[in-house]
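# Understanding the architecture of this molecule
What follows is each chain in one-letter form.
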2 protein chains.
Amino acid sequence: MSTDFPHVEAPDADARAAARARQGRLTKPAGSLGRLEELGVWVAACQGQCPPVPFTRPRVVVFAGDHGVAAHGVSAYPSEVTGQMVANFVAGGAAVNVLAGVAGATVRVVDLSVDSDGAGLPPQVTAHKVRRSSGSIDREDALTEDEARAALAAGRAIADDEVDSGADLLVAGDMGIGNTTPSAVLVAALTGAEPVAVVGRGTGVDDQGWMRKAVAVRDALRRARRVSGDPLALLRTTAGADIAAMAGFLAQAAVRKTPVVLDGVVSGAAALVAEELAPGASAWWVAGHRSVEPAHTLALEQLDLEPLLEMGFRLGEGSGAVAALPLVLMATRVLAEMATFEGAGVSER
Amino acid sequence: MSTDFPHVEAPDADARAAARARQGRLTKPAGSLGRLEELGVWVAACQGQCPPVPFTRPRVVVFAGDHGVAAHGVSAYPSEVTGQMVANFVAGGAAVNVLAGVAGATVRVVDLSVDSDGAGLPPQVTAHKVRRSSGSIDREDALTEDEARAALAAGRAIADDEVDSGADLLVAGDMGIGNTTPSAVLVAALTGAEPVAVVGRGTGVDDQGWMRKAVAVRDALRRARRVSGDPLALLRTTAGADIAAMAGFLAQAAVRKTPVVLDGVVSGAAALVAEELAPGASAWWVAGHRSVEPAHTLALEQLDLEPLLEMGFRLGEGSGAVAALPLVLMATRVLAEMATFEGAGVSER
């Protein structure tokens, strides 16, 4: 299981230029749809054609896993919630299911490292399971090297599977009690930020919990910094199988030239690692939203991505990315379906 | 034709409280969907029930009209574009048609005062026509008193017609070359702002045009300030039939307890007048986006509305409101369709 990703090609420059030009021929003042115009141009470049075609299979993959560090009081919720929420995703009752229904996307949940035996879950959910939970990163490695490689390979396989099944727009969501702790560590390790700058309240930890989380991040970061130039070692040391798989998924999506809408701090942390694994991958991503987690803003800055939404989300699951999906669909259809000045007989200035 | 609107009732406080409580029982940390949660609570209050029901007929009404002041170089486009764009809306080729298609909304365009004879347009488009164009507000009244009353009544009738036809979520869009000039005047008159603080570039006027626009706004504002306490006189003096009708539409939507997503500076100006006509109406509105027009931000501040999107739109047509519609639909369906902790067997903190 190699961690070498093929070269990531850049989105198509000719399609980008053609899309920019087309924005000026549609029946609206050039630039009057602001960021929606840039977004449509990006879609055209990713698809390598102008006008771009409307997306037919937007797909959300939720990467689920538990985190050993959650046993040390860094989260407002107990780890048992992760497995319960996996069942909730399968049943369609979670927030991301409802949001995806509005956006015309479908949701798949994959159990990489939930701390349960996966009984009763469909095989598609558990087929890529690497282990139960992860080591408590404030004191031990999250994964063994083999586990880290297996998780990365699982993410790549899931991306290939989805693209081969026709997915043309991807979202990586997360579910895992305690997962903002390793995410904060990864962001700090890859941006050089201090622990207190990356520690947020996750899904709502109280002041005591925040302090425990800050201590855990500080301790994990000491070990992470020693390997911050080696993405596989970083995943092994302070990520978890869920986040490692997500990094592989994001990198492979770029290899497969499939655009991705990023979500919050967990996908932001995975994206930073994916960009290390497959340089240039970030050109295939757009940021769906800015979460309230401070580390997310640091990750977005490093990735040079400006989020589409700022709604104060702090849920995960891919919810903030899915909330932004309609904007991506709109941007695409503006280029694909709007009349031109010439076609509609409308005078230009 | 009276301009007296009935008392506007407030959205339902019991449904609001029930929705707030329900947000805490759904399978997500309370507050983790940020502004989307507030938005769902507002929908429940407007509908007077919790959970709210998903919207079945979101409807965009585009109010079209020309403006005499456009003959004096305040816009980047000639007035003939207004009528051409009305035909484009009818044909489905404009930006708002495409965006509405993604959002599941339908679009109706109404010609209140386009400077054309309306030949070839469906009767539904022209049935409410008040006049051709408007007086050039930098030097004369936009409308006669009878015309202002007729336009206001037309807007009320259109709102009644739409609500009676089953519309359960409304957007007021605008189309009219030069219409950001009267909008800027109305915003300045009702917020006390100075002319230079309200004059933007509209759909893209150049520096010379901006200066002409600033002079026109200054001159019109002198006359508007004399009647700023009388909304009908203000519409007569410095609005136009399209904006007057939009004000009547927004006020009547509130009377009919139907929620509205506001668009940019034109709907913001009409909303300020509507709030004067029917105090309390603004409780039935949410701001879809913040346009780049400076007067729009002033209008939103006065209405105490925080926009959902900031995408740099400056198109009008209702485009910014329609871009935000999926968020309103998502917020509603989160409350209506998500599982509860109890129902899904998920542990609370």
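Residues numbered from 1 in each chain as written. Chains lettered and ligands numbered in written order. Predicted model: local features only at pLDDT ≥ 70, side-chain atom pairs only at ≥ 80, totals over all residues. Heavy atoms only, no water.

## Re the sheet that holds strand β4 (residues 260-262) of chain B
All names here are of chain B. Spatially, the five strands line up as an open sheet ordered β2-β1-β3-β4-β5, and their pairing is parallel. The strands lining the two open edges of the sheet, one partner per strand, are β2 (106-113) and β5 (285-287). Adjacent strand axes in the sheet meet at a mean angle of 30° when their direction is disregarded. When β4 meets β5, the two strands line up parallel, connected through three bridges. Within β5, the residue paired with L262 across the bridge is A287. Strand contacts of helix α3 (residues 80-91): β1 (58-65), β2 and β3 (169-175), with the helix running at about 145° to β3, the strand carrying the most contacts. Against the sheet, helix α12 (residues 265-277) touches β3, β4 and β5, its axis set at about 150° to β5. (Pairing = 2+ DSSP bridges. Helix = DSSP H or I, 4+ residues; strand = E, 2+ residues; numbered from the N terminus. Axes fitted to C-alpha atoms, helices over the stretch in contact; angles between N-to-C directions. Contact = heavy atoms within 4.5 Å.)

## Here's the deal with the layout of surface pockets
The volume enclosed by the largest pocket comes to roughly 340 Å³. Lining the largest pocket are 15 residues, and of these R16, E38, L39, W42 and V286 of chain B lie nearest its centre. Elements that contribute at least two residues to the lining of the largest pocket include exactly α1 (13-23), α2 (35-47) and β5 of chain B. For the lining of the largest pocket, the element with the most residues is α2 of chain B, which contributes five residues. Counted by class, the lining of the largest pocket contains eight nonpolar, one polar and six charged residues. Taken as a whole, the second largest pocket spans an internal volume of roughly 290 Å³. R35, E38, L39, W42 and V286 of chain A are, among the 13 residues lining the second largest pocket, the residues nearest its centre. (1 Å grid on protein atoms, 1.4 Å probe; cavity = no way out; pocket = protein on both sides within 12 Å on 5 of 7 lines; lining within 4 Å. Points joined across faces, edges and corners; volume = space filled by probe spheres on them. Nonpolar A, V, L, I, M, F, W, Y, C, P; charged D, E, K, R; others polar.)

## Remarks on the pattern of salt bridges
Scanning all chains against the criterion turns up 40 salt bridges over all chains. For K28 of chain A, the salt bridge goes to E37 of chain A, with nearest N and O atoms at 3.0 Å. Close ionic contact of E145 of chain B with R149 of chain B constitutes a salt bridge, the shortest N to O distance being 3.0 Å. Remark: R149 of chain B and E145 of chain B occur in helix α6 (residues 145-164); sequence separation between them is four residues, near one turn of the helix. What makes R149 of chain B partly exposed here is its relative accessible area of 25%. Three or more residues joined by partner-sharing salt bridges are found here, namely R59, R108, D161 and E162 of chain A. (Salt bridge = Lys/Arg side-chain N within 4 Å of Asp/Glu carboxyl O. Buried < 20%, exposed > 50% of the residue type's maximum accessible area, 1.4 Å probe, protein only.)

## Considering the interface of chain B and chain A
With 55 residues of chain B at the contact, the number on the chain A side is 55 residues. Contact between chain B and chain A buries roughly 4,400 Å² in total, counting both sides, with carbon and sulfur atoms accounting for 67%. Looking at the side of chain B facing chain A, the largest losses of area belong to M311, M330 and R349 of chain B, adding up to 15% of the total buried there. Our count for the contact surface shared by chain B and chain A stands at zero salt bridges. The interface formed by chain B and chain A holds 14 residue pairs in polar contact (both at pLDDT 80 or more) in total. Of all the secondary-structure elements, those providing two or more residues to the side of chain B that touches chain A are α2, α3, α4 (95-103), α14 (319-337) and α15 (341-344) of chain B. (Buried area = accessible area lost by both parts, 1.4 Å probe. Polar contact = N/O pair within 3.5 Å; in protein donor to acceptor, adjacent residues only side chain to side chain.)

## What about the packing of helix α4 (residues 95-103) of chain A against α14 of chain B?
In contact at an axis separation of 9 Å, α4 of chain A and α14 of chain B are set at 140° when each is read in the N-to-C sense. By the criterion of interaxial angle, the relationship of α4 of chain A to α14 of chain B is oblique. α4 of chain A and α14 of chain B meet at a crossing whose hand is right-handed. Two secondary-structure elements touch here, α4 of chain A through V98, L99, G101, V102 and A103 of chain A and α14 of chain B through P326, L329, M330, R333, V334 and E337 of chain B. Considering only residue class, the contact of α4 of chain A with α14 of chain B consists of eight nonpolar, one polar and two charged. (Parallel < 35°, antiparallel > 145°, perpendicular 65-115°, else oblique. Left-handed = near helix turned anticlockwise from the far one by under 90°.)

## Remarks on the nonpolar core
In this structure, L36, L250 and W285 of chain A together with L36, L250 and W285 of chain B are the most contacted members of the largest nonpolar core, which totals 271 residues. Apart from residues no more than four positions distant in its own chain, L36 of chain B is found in contact with L99, M311 and F313 of chain A together with L327, M330, A331 and V334 of chain B. (Core = buried A, V, L, I, M, F, W, Y, C linked by side-chain atoms within 4.5 Å.)

## What about the environment of T340 of chain A?
All names here are of chain A. Take T340: it is sitting in the loop between α14 (319-337) and α15 (341-344). Note: C-alpha distance between T340 and P326 (14 residues apart in sequence) is 23 Å. Among residues more than four places away in sequence, those in contact with T340 are R22, R25, L26 and T27.

## A look at the relation of the copies chain B and chain A
Least-squares fitting of chain B to chain A yields an RMSD of 0.0 Å, with the superposition described by an axial translation of 0.0 Å and a rotation of 180°. A rotation of that kind, with that shift, is consistent with a two-fold axis. When the interface residues of chain B are mapped onto chain A, 100% of them again fall at the interface, so both copies present the same face. (Least-squares fit on C-alpha atoms with pLDDT ≥ 70 in both.)

## Considering the UniProt feature "active site" (unreviewed entry) in chain A
UniProt feature "active site" (unreviewed entry): in the numbering of this structure it lies at E317 of chain A. Structurally, E317 of chain A can be placed in the loop between α13 (294-303) and α14. Using a relative accessible area of 1% as the deciding quantity, one classes E317 of chain A as buried. If we ignore the near neighbours within four places in the chain, the residues touching E317 of chain A are V60, V62, M85, F89, A94, A95, V96, G173, D174 and D263 of chain A together with T27 of chain B. A polar contact is formed between the side chain of E317 of chain A and the backbone nitrogen of V96 of chain A, at a distance of 3.1 Å. (UniProt positions renumbered as here; feature names shortened; annotations may be inferred.)

## What about the domain arrangement of chain A?
Residue and element names in this part refer to chain A. What the domain assignment reports for chain A is domain 1 (13-52 + 336-344) and domain 2 (58-326). Domain 1 and domain 2 are separated by 33 Å when their C-alpha centres are compared. The interface is formed by four residues belonging to domain 1 together with 10 residues belonging to domain 2. Seen at the junction of domain 1 and domain 2, the total is zero salt bridges. Viewed at the interface, domain 2 and domain 1 are joined by three residue pairs in polar contact (both at pLDDT 80 or more). (Domains from an automatic or database assignment.)

## Comments concerning the environment of A15 of chain A
Residues and elements named next belong to chain A. Relative to the helices and strands, A15 resides in helix α1 (residues 13-23). With 33 residues separating them along the chain, A15 and G48 place their C-alpha atoms 5.3 Å apart. The residues contacting A15, other than those within four sequence positions of it, are A44, A45, G48, Q49 and C50.

## Here's the deal with unusual backbone geometry
Residues and elements named next belong to chain A. The step from C50 to P51 runs through a cis peptide bond, and the omega angle for that step is -5°. Relative to the assigned elements, P51 resides in the loop between α2 (35-47) and β1 (58-65). Located in the positive-phi region is K257, a residue other than glycine, with phi close to 60°. Note on placement: K257 falls in the loop between α11 (241-255) and β4 (260-262). Here D304, not a glycine, exhibits a phi torsion of approximately 60°, which is positive. Among the secondary structure elements, D304 is positioned in the loop between α13 and α14.

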